[in-house]
Amino acid sequence: MIGKDQIDLANVPNHVAIIMDGNGRWAKQQGELRTFGHTSGVEAVREALTAAGEIGIKHLTLYAFSTENWNRPVEEVNALMDLLVSTIMNEIDSLQENKVKLTAIGNISSLPDQCQNELQKGIEETAENDGVNLNLALSYSSRWEITKAFKEIAKDVELKNLRSDEINESIVSSYLTTGDLPDPELMIRTSGEKRVSNFMLWQIAYSELYFTDVLWPDFRKEDFYKAIIEFQNRERRFGKTSEQK
Ligand code: IPE
Ligand code: IPE
Ligand code: MG
């Protein structure tokens, strides 16, 4: 049995990013509508967040809605936006109790007003919490983010706030929406798909990638621990040889 006791607490990642995938297929297996899969996925979010808190992970980024997801049927998009609002409303007390700090990345101004308002409220109310940082990627895609960063860098060079010869990797990182966050050491994708679907392309340059067949609504603490244990058993060489480490 996989358990928390198998985790080396001195070597947990600072930042874990999850592509929460498989809600639609999970619902289909139950003979239900796709939206039922999304609502059922909220329990998996609670599990991942609790598990992260228990082992001392500082940042948990969840890919909840991509730029490309706007192309889904309008009913599904609306259901996802409503779910975001109701989930923040329902979970806010529990976030406070657990000292979770809510943040968000993505093109937030493209979300419906009610989502933006609820999200803003959640972010402000939890801003002082010092537990896990739950970072939601909403209307997010990496190419959107990198393009936006290019524009802002160009503008700052134009305005002479930045010299082109000053631009280095950490400057580029600081212009991304994840500017305040360390890169994720571990990226998890559920549902068996082995792709990154426009998620954190810059930030995962040296992340360990973990793919599981578990569909997101079935994802439980044990599945999270399993990913952490596998992460801890990987050798991260960063281009060096094993002997150099
Ligand atoms: C992930 O599940 C949730 C979102 C992308 C919003 P999917 O809705 O992609 O589920 P599948 O991949 O179709 O099973
Ligand atoms: C990625 O899942 C986006 C989120 C989990 C929010 P998708 O289901 O949208 O990705 P593709 O279409 O399989 O690449
Ligand atoms: Mg999917």
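Above this text sits the structure in question.
The structure contained in this document is the topic of the report that follows. Predicted model only: the values in this text are computed from it and were never measured.

A separate point is the overall build of the protein chain. In terms of helices and strands, the protein chain carries seven helices and six strands. From first element to last, N terminus to C terminus, the protein chain shows the α and β order β-α-α-β-α-β-α-β-α-α-β-β-α. Relative to the compact-globule value of 18 Å for 245 residues, the protein chain shows a C-alpha radius of gyration of 18 Å, a close match. The C-alpha extent of the protein chain, read off along each of the three principal axes, is 55 × 50 × 35 Å. Looking at the protein chain as a whole, 44% of its 245 residues qualify as buried. A separation of at least 24 residues holds for 78% of the contacts in the protein chain among residues at least 6 apart in sequence. Averaging the locations of the 27 positively and 39 negatively charged side chains of the protein chain gives two centres separated by 4 Å.

A word on the nonpolar core. In terms of nonpolar packing, the biggest core is built from 42 residues, with Val16, Ile18, Leu60, Ile188 and Phe224 touching the most fellow members. Elements that contribute at least two residues to this core include exactly β1 (15–19), α2 (34–55), β2 (59–66), α3 (74–97), α4 (113–125), β4 (133–140), β5 (186–189) and α7 (221–232). Looking at this core element by element, the count peaks at seven residues for α3. The contacts of isoleucine 18, once residues within four sequence positions are left out, are Ala48, Leu60, Thr61, Leu62, Tyr63, Ile188, Phe199, Trp216 and Phe224. Core analysis: the next-biggest nonpolar cluster, separate from the first, contains 10 residues, Tyr63, Ala137, Met200 and Ile204 among them.

Turning next to the site of ligand 2. Close to ligand 2 lie Ile19, Met20, Asp21, Tyr63, Ala64, Phe65, Ser66, Asn69, Arg72, Arg189, Arg195 and Ser197. Here an oxygen atom of ligand 2 and a side-chain polar atom of asparagine 69 are 2.9 Å apart. One of the side-chain nitrogen or oxygen atoms of arginine 72 is found 3.3 Å away from an oxygen atom of ligand 2. Alone, ligand 2 offers 390 Å² of accessible surface; in the complex the protein occludes 78% of this. Among the elements that line the shell around ligand 2, the one with the most residues is β2, at four residues. Partitioning the shell around ligand 2 into residue classes produces five nonpolar, three polar and four charged.

Here the focus is α2. In this model, α2 (22 residues) spans 32 Å end to end at C-alpha, consistent with the 32 Å of a helix rising 1.5 Å per residue. The complete set of buried residues in α2 reads Gly37, His38, Ser40, Gly41, Val42, Ala44, Glu47, Ala48, Leu49, Ala51, Ala52 and Ile55. Against the buried residues of α2 lie β1, α1 (23–29), β2, α3, β4 and α7. Where α2 ends, the next residue or the one after it, glycine 56, has phi of about 85°, a positive value.

Looking at the element boundaries, threonine 126 is found in the loop between α4 and β4. Among residues more than four places away in sequence, those in contact with threonine 126 are Ile92, Leu95, Gln96, Val100, Lys101 and Leu102.

Pairing is parallel across the open sheet formed by six strands, whose spatial order is β3-β4-β2-β1-β5-β6. A single partner strand is all that each edge strand has here, and the edge strands are β3 (101–105) and β6 (208–211). On average, adjacent strands in this sheet sit at an angle of 20° to one another, irrespective of strand direction. Sheet topology places β3 next to β4; five bridges connect them, and they run parallel. Residue pairing in the sheet places leucine 102 in a bridge with leucine 134 of β4. Seen against the sheet, α4 touches β3 and β4 and runs at an angle of roughly 135° to β3.

Definitions and cut-offs
Residues numbered from 1 in each chain as written. Chains lettered and ligands numbered in written order. Predicted model: local features only at pLDDT ≥ 70, side-chain atom pairs only at ≥ 80, totals over all residues. Heavy atoms only, no water. Helix = DSSP H or I, 4+ residues; strand = E, 2+ residues; numbered from the N terminus. Rg over C-alpha atoms; globule rule 2.2 N^0.38 Å. Buried < 20%, exposed > 50% of the residue type's maximum accessible area, 1.4 Å probe, protein only. Contact = heavy atoms within 4.5 Å. Lys, Arg positive; Asp, Glu negative; His and termini not counted. Charge placed at Lys NZ, Arg CZ, Asp CG, Glu CD. Core = buried A, V, L, I, M, F, W, Y, C linked by side-chain atoms within 4.5 Å. Near = heavy atom within 4 Å. Polar contact = N/O pair within 3.5 Å; in protein donor to acceptor, adjacent residues only side chain to side chain. Areas by Shrake-Rupley, 256 points an atom, 1.4 Å probe, with all protein chains shown as cover. Nonpolar A, V, L, I, M, F, W, Y, C, P; charged D, E, K, R; others polar. Expected span 1.5 Å × (residues − 1). Pairing = 2+ DSSP bridges. Axes fitted to C-alpha atoms, helices over the stretch in contact; angles between N-to-C directions.

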